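A structural walkthrough
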Amino acid sequence: MTANKVFPLLMTSKENFALEAEKVDGSLLWHLRYGHLNQRSLQLLHQKNMVVGLPSIHSEKEICEDCIFGKFHRLPFSQSSWRAKAPLELVHADICGPTRTPSFNNKRYFILFVDDFSRMMWVYFLEQKSEAFSIFKQFKAFGENQSGHNLKVLRTDRGGEFISNEFSEYCKSNGIKRELTARYTPQQNGVAERRNRTIVPRDGKKHVESKESAKYILG
Ligand SMILES: [Zn+2]
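The present account deals with the structure reproduced in this document. (Residues numbered from 1 in each chain as written. Predicted model: local features only at pLDDT ≥ 70, side-chain atom pairs only at ≥ 80, totals over all residues. Heavy atoms only, no water.)

Comments concerning unusual backbone geometry
Note the threshold: Think of it this way: any DSSP run of H or I at least four residues long counts as a helix, any run of E at least two long counts as a strand, and we number them from the N terminus. Only protein chains enter the accessibility calculation, which uses a 1.4 Å probe; a residue is then buried when its area is under 20% of its type maximum, exposed when over 50%, and partly exposed in between.
Geometrically, the link from glycine 97 to proline 98 is a cis peptide bond, its omega value of 0 degrees lying close to zero. Turning to its location among the elements, proline 98 is positioned in the loop between β1 (90-96) and β2 (109-115). Of note in this structure, leucine 88 is not a glycine but carries a positive phi near 65 degrees. Within the fold, leucine 88 resides in the loop between α3 (65-70) and β1. Among the residues examined, leucine 88 registers a relative accessible area of 3% and is labelled buried.

Next comes the structure, spelled out in structure tokens:
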């Protein structure tokens, strides 16, 4: 590098050739260096002078493909499932957690029940996953009593708390048909899984996204 900060280019070949200029975008590079940190936070690091050599990040145009792909999710299967024709005919259940931030009562899990017919949902918070069984009995009693309908089919994934002996026995003796979705295929349990994402977005920062879902929180 010369004194005036210019890189001299030594051209030795006598033949004609074309040159292509390539500009390396600093903002994208720093976005990658900081593990896909967002523009605003990079700007903050610069403003507070916390990183040696970090330039001021201005480019809003630069789009990081990896960040976009990282936010993709698979859609539920549509053809494999049926829709209920009456309340509680089919109930979807799913457990989510542990959440990064516990609730006021120090509960880090929640169980979600979605009525397939009305799409109404109920959320109960749990300290341990093992509370799922007693919560389910509570939900069943409440739902059946309030609606005047019986719970007929329960659709869950194969999580240990749903396929325990006591859980299976209870469903059998109460005439509840089980539908277990395949492991690692949340598409089959799409209804309950989608509602999880309404309550906890991918970054796990917010517990409840909308007032609509907050209405049904009981636990
Ligand atoms: Zn990125």
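Next comes the rest of the account.
With respect to the pairing of β2
The test is simple: At least two bridges found by DSSP between two strands are what make those strands a pair.
Judged by how many residues are buried, β2 sits mostly within the fold: 7 of 7 residues are covered. In β2, alternate side chains face the same way, and those of Tyr109, Ile111, Phe113 and Asp115 on one face and Phe110, Leu112 and Val114 on the other are all buried. Where β1 meets β2, 6 bridges bridge the pair, whose relative direction is antiparallel. Counterpart to histidine 92 in the pairing with β2 is valine 114. Sheet topology places β2 next to strand β3 (residues 121-126); 6 bridges connect them, and they run antiparallel. Residue pairing for β3: tyrosine 109 is matched across the bridge by leucine 126.

Comments concerning the side chain of histidine 31
Defined as follows: Two N or O atoms form a polar contact when they lie within 3.5 Å of each other; inside protein one atom must be a possible hydrogen donor and the other a possible acceptor, and for residues adjacent in sequence the pair counts only when both atoms belong to side chains. Contacts between residues were defined by any pair of non-hydrogen atoms, one from each residue, lying within 4.5 Å.
Locating histidine 31 in the fold gives a position in helix α1 (residues 26-33). Within the structure, the side chain of histidine 31 is placed 2.6 Å from the backbone oxygen of leucine 37, a separation counted as a polar contact. When residues no more than four places from it in sequence are discounted, the contact partners of histidine 31 are His36, Leu37, Leu42, Cys64 and Cys67.

Concerning the environment of phenylalanine 125
If you trace the backbone, phenylalanine 125 turns up in strand β3. The spatial distance from the C-alpha of phenylalanine 125 to the C-alpha of cysteine 96 is 9.6 Å, given a sequence separation of 29 residues.

Some details on the coordination of the zinc ion
For clarity, the threshold we go by: Note on donors: an N, O or S atom is included if it sits within 2.8 Å of the metal, or within 3.2 Å for Na, K and Ca, and water is never included, so sites can look incomplete.
Ligation of the zinc ion by protein atoms is provided by His31 (NE2), His36 (ND1), Cys64 (SG) and Cys67 (SG), these donors lying 1.9 to 2.3 Å from the ion. For histidine 36, a relative accessible area of 33% puts it in the partly exposed group. The class of cysteine 64 is buried, set by a relative accessible area of 11%.

Examining a nonpolar patch on the surface
What counts is decided by this rule: Like-charged residues within 9 Å of one another, or nonpolar side chains (Val, Leu, Ile, Met, Phe, Trp, Tyr) within 5 Å, are grouped into patches, provided each residue has over 30% relative accessible area and no salt bridge. Using a 1.4 Å probe, the Shrake-Rupley method yields the accessible areas, and only the shown protein chains count as cover for residues. We count a salt bridge whenever a side-chain nitrogen from Lys or Arg sits within 4 Å of a carboxyl oxygen from Asp or Glu.
Taken together, the side chains of Leu9, Met11, Phe17 and Leu19 present a nonpolar region at the surface, about 460 Å² in accessible area. Take phenylalanine 17: it is sitting in the segment before α1. A relative accessible area of 44% means that phenylalanine 17 is categorised as partly exposed.

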